[in-house]
Amino acid sequence: MKTTVQAALTAAIQKLVMSETARIDAEIILGYCLSKELSYLYTWPEAILSDEQLRCFNAYIERRWLGEPVAYITGYRDFWNQRLIVSENVLIPRPETELLVERSLKRLGPVEVLSVADLGTGTGAIAIAIASERPLCNITATDVSHANLSLACKNANVYNLENIHFILSNWLTSLKDKTFHVIISNPPYIVKNDIHLTTGDVRYEPEEALVSDENGLSDIRIIIRDSKRALKNGGWLLIEHGYDQSRDVQDIFKQYGYTGIGSYKDLNGWPRITEGQIYY
Ligand code: GLN
């Protein structure tokens, strides 16, 4: 008996029933096995899968069922307007980080030639989104890992973005002689041994990208402290943090003399981004 797109999806969704994202996961995996966009699946539910396609689909659905993130199975994740290659050494870009991009674009304004840093770029998601929206801006993207930087660079090359420079740096340590109008970061901010780390996709992601000392605030503190000298007068720092960290993060911003401090909610209603401005 031949298996149709519709039948393959129905069976997979049943198997993945424990996951909230069963339908979209099954669709992305099937699209990947067929090398088609999701619109193909909706348009051609009666299309027949070849034996090889069905074998591929079942094997990947099995991996998903065991818990592996879809992005590590397919090797990519869509973020903003780009499709990014991911590896098991980087954080998988999250929808809430698009809020960080939105706020940063507001701070950058529409047309000025400004310098921007994305600290701990991972896949390059933030830097690439900003570079594509603001072609006149110069973006510096850093990561502490050489492998991650070459992945981010590969992702940028897909979109022919020539306004990003990639620099190996532990936060701002290798950027001593540079200053920026806007600094952006989605650093690790989860508390060590947080129960959240034992469930879902994060189990597969690198701990260095997730966990930070000092109740999850250690890296955030370093970034706020060091951005103070790396920001131009009137420059903005925007940071993503945990759903329950906005008050602590605001306090750190205050402690280092930032003004205009504000937090912004993600799609789930959690204050997820905090920003502040430096004047001297
Ligand atoms: N938002 C991610 C999570 O809670 C963590 C990302 C990060 O540490 N920057 O799974």
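One structure accompanies this document, and this report is about it. Here the structure is a predicted model, which means the values were calculated and not measured.

### Describing the overall build of the protein chain
- When you go through the protein chain residue by residue, the secondary structure sums to 11 helices and 11 strands.
- In terms of C-alpha radius of gyration, the protein chain reaches 20 Å, essentially the compact-globule figure of 19 Å for 280 residues.
- Overall, the C-alpha framework of the protein chain stretches about 75 × 40 × 30 Å when taken along its three principal axes.
- Per-residue burial for the protein chain yields a buried fraction of 50% across its 280 residues.
- In the protein chain, the proportion of contacts linking residues at least 24 apart, taken out of those at least 6 apart, comes to 65%.
- Only carbon and sulfur atoms are counted for the fraction: they give 52% of the accessible area of the protein chain, which is about 13900 Å².
- In the protein chain, 28 side chains carry a positive charge and 35 a negative one; their mean positions are 3 Å apart.

### Overview of the packing of aromatic side chains
- Per the stated rule, a full pass over the model turns up four aromatic pairs.
- Between the aromatic rings of Tyr 32 and Tyr 60, the centroid separation amounts to 5.8 Å while the plane-to-plane angle is 35°, which identifies the pairing as tilted. In this pair, Tyr 32 is assigned in helix 2 (residues 22–34) and Tyr 60 in helix 4 (residues 51–65), connecting sequence segments 28 residues apart.
- With a centroid separation of 4.7 Å and an interplanar angle of 65°, the aromatic rings of Tyr 243 and Trp 270 are classed as edge-to-face. Within this pair, whereas Tyr 243 is found in the loop between strand 9 (231–240) and helix 11 (246–255), its partner Trp 270 is found in the loop between strand 10 (259–265) and strand 11 (271–277), the two being separated by 27 residues in sequence.
- Trp 270 gets classed as partly exposed once you look at its relative accessible area, which sits at 40%.
- An aromatic cluster is present here, built from Tyr 32, Tyr 60 and Tyr 76 joined pairwise through their rings.
- Just above the ring of Trp 65 sits the side chain of Lys 15; from NZ or CZ to the centre is 4.3 Å.
- The positively charged end of Lys 36 is found above the aromatic ring belonging to Tyr 40, 4.9 Å away from the centroid.

### Things to note about the nonpolar core
- Ranked by internal contacts, the top residues of the largest apolar core, which has 28 residues, are Leu 119, Ile 183, Ile 224, Leu 237 and Tyr 258.
- Every element with two or more residues in this core is listed here: strand 3 (115–119), strand 6 (180–185), helix 10 (218–230), strand 9 and helix 11.
- Per-element accounting of this core gives the leading share, four residues, to helix 10.
- Among all residues touching Ile 183, those that are not within four sequence positions of it are Ala 117, Leu 119, Leu 172, Ser 227, Ala 230, Leu 231, Trp 236, Leu 237 and Leu 238.
- One finds Leu 100, Leu 105, Ala 141 and Ala 156 within the second-largest nonpolar core, a separate group that totals 27 residues.

### Some thoughts on the state of the cysteines
- Scanning all chains against the criterion turns up zero disulfides.
- Cys 153 takes part in no disulfide bond, and the closest cysteine sulfur to it belongs to Cys 137, at a distance of 19 Å.
- Owing to a relative accessible area of 28%, Cys 153 belongs among the partly exposed residues under this scheme.

### With respect to the sheet that holds strand 11
- Read across the sheet, seven strands follow the order 5-4-3-6-9-11-10 without closing on themselves; strand pairing throughout is mixed. Both edges of this open sheet fall to strand 5 (164–168) and strand 10, since each of them pairs with a single strand only. Within the sheet, the average angular offset between the axes of one strand and its neighbour, ignoring direction, is 15°.
- As defined by bridge partners, strand 9 adjoins strand 11 across five bridges and the pair is classed as antiparallel.

### Structural notes on the site of the ligand
- In the neighbourhood of the ligand, 13 residues make up the surrounding shell, with Arg 94, Asn 186, Pro 187, Tyr 189 and His 196 lying closest.
- Contacts to the ligand include Asn 186, whose side-chain N or O atom sits 2.7 Å from a nitrogen atom.
- Pro 187 places a main-chain nitrogen or oxygen 2.8 Å from a nitrogen atom of the ligand.
- Coverage of the ligand by the protein chains reaches 93% of its 300 Å² of free accessible surface.
- Split by residue class, the shell around the ligand holds eight nonpolar, two polar and three charged.

### Here we look at the environment of Ile 164
- Relative to the helices and strands, Ile 164 resides in strand 5.
- C-alpha of Ile 164 to C-alpha of Ser 132: the two residues are 32 residues apart in sequence and 9.7 Å apart in space.
- Beyond its immediate stretch of four places on either side in the chain, Ile 164 contacts Ala 127, Ile 128, Ala 131, Ile 139, Ala 141 and Ala 156.

### A closer look at the side chain of Ser 227
- You can see Ser 227 is positioned in helix 10.
- Ser 227 has contacts with Leu 172, Ile 183, Leu 237 and Tyr 258, leaving out every residue within four places of it along the chain.

Parameters and conventions
- Residues numbered from 1 in each chain as written.
- Predicted model: local features only at pLDDT ≥ 70, side-chain atom pairs only at ≥ 80, totals over all residues.
- Heavy atoms only, no water.
- Helix = DSSP H or I, 4+ residues; strand = E, 2+ residues; numbered from the N terminus.
- Rg over C-alpha atoms; globule rule 2.2 N^0.38 Å.
- Buried < 20%, exposed > 50% of the residue type's maximum accessible area, 1.4 Å probe, protein only.
- Contact = heavy atoms within 4.5 Å.
- Areas by Shrake-Rupley, 256 points an atom, 1.4 Å probe, with all protein chains shown as cover.
- Lys, Arg positive; Asp, Glu negative; His and termini not counted.
- Charge placed at Lys NZ, Arg CZ, Asp CG, Glu CD.
- Phe/Tyr/Trp six-rings, centres within 6.5 Å; stacked < 30°, edge-to-face > 60°.
- Lys NZ or Arg CZ within 6 Å of the ring centre and 35° of its normal.
- Core = buried A, V, L, I, M, F, W, Y, C linked by side-chain atoms within 4.5 Å.
- Disulfide = S-S within 2.5 Å.
- Pairing = 2+ DSSP bridges.
- Axes fitted to C-alpha atoms, helices over the stretch in contact; angles between N-to-C directions.
- Near = heavy atom within 4 Å.
- Polar contact = N/O pair within 3.5 Å; in protein donor to acceptor, adjacent residues only side chain to side chain.
- Nonpolar A, V, L, I, M, F, W, Y, C, P; charged D, E, K, R; others polar.

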